[in-house]
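Residue-level structural notes
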Amino acid sequence: MDTALTRLVGVRYPIVQTGMGWVAGPRLVSAAANAGALGILASATMSPERLRSAVREVASRTEAPFGVNLRADAGDAGERVRIIVEEGVRVASFALAPKPELISRLKDAGVVVIPSVGARRHAEKVAGWGADAVVVQGGEGGGHTGEVATTVLLPQVVDAVDIPVVAAGGFHDGRGLVAALAYGAAGIAMGTRFLLTSDSTVPAAVKARYLAAAASDVAVTTAVDGLPHRMLRSELVASLERSGRAAALVRAVRHAAAFRRLSGLGWARMVRDGRAMRRGKGLSWSQVLLAANTPMLLKASMVDGRTDTGVMASGQVAGVIDDLPSCAELVERIMAEAAAALDRMPGGRTVG
């Protein structure tokens, strides 16, 4: 299937596996890339040294293009960009809008820049700064998310920018891919659906919780880090919602210390990153501190398998997913479903 996305990044199919922290490691990324999708390596929880090692591991597993997801507000973003350029990574994706100079540096080195946004005005801004494409996530998406549904947000962004738009939030099958193309998107991005594959390293007990969830079991809460965060309902989430702000801040300090030890970052670097988050997202200092909860609570579930002490970020599509195919099986199925859906439509399979 040939679209503006496949032509831009050189993949076979217009499908993106998103850069999920603690989930999108070398095994999942290379499996997605070998299946013909664009695999995105999550680097926010990695040290720069681990990032370089992970990039090289992906490259040893696949000859297909892949990308790396970066935090644009990280104090070492420039160092991470240098690693991406030196290692020949094809795509740089961002959860926050990268500064114009960062976009220029990447593009000058031949790296495709694809930020993720949750609002039309943000898409217009990064397009004006030179981004090559944009991922637009509607409120159905997992993790930090907005309130506007994909079906409302996507056409707004498609109409507002003249670069390829990738749709995220609520996608898991071939019918969704065709629907996104009909709205004018150049492809779809999926997180939860790739998390729930046999190639994902997420522990089996955690995957079982996702598979058992109904759509009503996936909710948005601000209890984890003060920002809207879509995740599976659990006793821990309920406990966080009942606890007061003082208890939450104490817990965040403890998690910040744990993340500092795990990541190798010094307190000075973490404070600088906190200042950048405060400016970039308009957060209060208490919200910046609460943000320290997120990586460690995600690690507890996605790495350690502790559903009792960790949170499980999730898109609403968890409620309709009931199997664990390999990435190759998943992508093949999606493309077969898309072909069948296109065949049922007047005019056949014309895709642009």
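Residues numbered from 1 in each chain as written. Predicted model: local features only at pLDDT ≥ 70, side-chain atom pairs only at ≥ 80, totals over all residues. Heavy atoms only, no water.

A closer look at the overall build of the chain
The line we're drawing: The numbering of helices and of strands both runs from the N terminus, where a helix is a DSSP run of H or I of at least 4 residues and a strand a run of E of at least 2. Partly exposed describes any residue whose relative accessible area lies between the buried limit of under 20% and the exposed limit of over 50%, with all areas from a 1.4 Å probe on protein chains only and scaled to the type maximum. Accessibility throughout is a Shrake-Rupley quantity obtained with a 1.4 Å probe, and a residue counts as covered only by protein chains that appear here.
For the chain, the helix and strand inventory stands at 16 helices and 11 strands. Burial statistics for the chain: of 352 residues in total, 55% are counted as buried. When the accessible surface of the chain is summed, it comes to about 14,600 Å², and 51% of that surface belongs to carbon and sulfur atoms.

Observations concerning the confidence of the model for the chain
Our working definition: Per-residue confidence from the predictor is given as pLDDT, running between 0 and 100.
Averaged over the chain, the pLDDT score is 89; the fraction of residues at 70 or greater is 84%. Here helix 13 (residues 267-281) stands out as the element of the chain with the lowest mean pLDDT, 49, in contrast to strand 1 (residues 15-17), whose mean of 99 is the highest.

Some details on the packing of helix 8 (residues 174-183) against helix 16 (residues 327-344)
Applied cut-off: Whenever a helix is involved, its axis is fitted only over the stretch in contact; in every case the axis is a line through C-alpha atoms, and angles between N-to-C directions fall within 0 to 180 degrees. Small angles under 35 degrees read as roughly parallel and large ones over 145 as roughly antiparallel, with 65 to 115 read as roughly perpendicular and the rest as oblique. Here is the rule for handedness: rotate from the far helix to the near one, and if that takes an anticlockwise turn smaller than a right angle the crossing is left-handed, while a clockwise turn gives right-handed. The contact definition used throughout considers only heavy atoms, calling two residues in contact when any of these lie within 4.5 Å. Here the nonpolar group is Ala, Val, Leu, Ile, Met, Phe, Trp, Tyr, Cys and Pro; Asp, Glu, Lys and Arg are the charged ones; every other residue, Gly included, is treated as polar.
Helix 16 packs onto helix 8 with a crossing angle of 55° between their chain directions and a minimal axis gap of 7 Å. Taken together, the axes of helix 8 and helix 16 lie oblique to each other. Here helix 8 runs over helix 16; the crossing is right-handed. Contacts between helix 8 and helix 16 involve Gly-174, Arg-175, Leu-177 and Val-178 from the first element and Ile-334, Met-335, Glu-337, Ala-338, Ala-341, Leu-342 and Arg-344 from the second. Classifying every residue of the contact of helix 8 with helix 16 by side-chain character gives seven nonpolar, one polar and three charged.

As for the environment of Phe-66
Here Phe-66 shows up in strand 3 (residues 66-70). If we skip the residues at most four places from it in the chain, Phe-66 touches Val-29, Leu-38, Gly-39, Val-55, Val-58, Ala-59, Val-89, Arg-90 and Val-91.

Focus: the pattern of salt bridges
What counts, and what does not: The salt bridge definition used is simple: a Lys or Arg side-chain nitrogen within 4 Å of an Asp or Glu carboxyl oxygen.
Considering all chains together, one arrives at 15 salt bridges under this definition. With its nearest N and O atoms 3.0 Å apart, the salt bridge here joins Asp-76 to Arg-80. As far as burial versus exposure is concerned, Asp-76 and Arg-80 are alike and both buried. With a closest N to O distance of 3.2 Å, Arg-193 and Asp-323 form a salt bridge. Taken together, the positions of Arg-193 in helix 9 (residues 192-195) and Asp-323 in the loop between helix 15 (293-302) and helix 16 put the pair 130 residues apart, joining distant regions of the chain. Among the residues examined, Asp-323 registers a relative accessible area of 23% and is labelled partly exposed. Each member of the salt-bridge network shares a partner with another, and the members are Arg-52, Arg-56, Arg-82, Glu-86 and Glu-87.

What about the packing of helix 3 (residues 48-61) against helix 4 (residues 77-86)?
Contact geometry of helix 3 with helix 4 gives a least axis separation of 10 Å together with a crossing angle of 20°. The pairing of helix 3 with helix 4 is recorded here as roughly parallel in orientation. Considering only the axes of helix 3 and helix 4, their crossing is right-handed. Residues Pro-48, Leu-51 and Arg-52 of helix 3 touch helix 4, and the partners they reach there are Glu-79, Arg-80, Arg-82, Ile-83 and Glu-86.

What to know about the sheet that holds strand 1
Which entries qualify depends on this criterion: Here the rule is simple: two strands pair whenever DSSP picks up at least two bridges between them.
The strand order around the closed barrel formed by eight strands is 1-2-3-4-5-6-8-9, and the pairing between neighbours is parallel. In this sheet, neighbouring strand axes are inclined to one another by 25° on average, regardless of whether the strands run parallel or antiparallel. In terms of strand pairing, strand 6 (residues 134-137) meets strand 8 (residues 165-168) through four bridges, oriented parallel. What sits directly across from Val-136, in strand 8, is Ala-167. Along the sheet, helix 6 (residues 120-128) contacts strand 5 (112-117) and strand 6; its crossing angle with strand 5, the most-contacted strand, is approximately 165°.

Some points on the pairing of strand 11 (residues 229-232)
Relative to strand 11, strand 7 (residues 143-144) is paired through two bridges, and the arrangement is antiparallel. Each bridged residue has a counterpart across the sheet, and for His-144 the counterpart in strand 11 is His-229.

Here's the deal with the sheet that holds strand 7
Within the open sheet, the three strands sit side by side as 7-11-10. Their pairing is antiparallel. Pairing within the sheet leaves two strands with one partner each, and these edge strands are strand 7 and strand 10 (218-221). Pairing of strand 10 with strand 11 involves four bridges; the strand directions are antiparallel. Residue Thr-221 lies in a different strand from strand 11, and its bridge partner there is His-229.

Some remarks on helix 7 (residues 150-160)
Which entries qualify depends on this criterion: Note that the arc is computed from the directions linking the helix axis to the C-beta atoms.
For helix 7, every residue scored as buried is listed here: Thr-150, Leu-153, Leu-154, Val-157 and Val-158. The buried residues of helix 7 occupy an angular sector of 130° when the element is viewed end-on, so they sit on one face. Tucked into the core, helix 7 has its buried residues touching helix 6, strand 6, strand 8 and helix 8.

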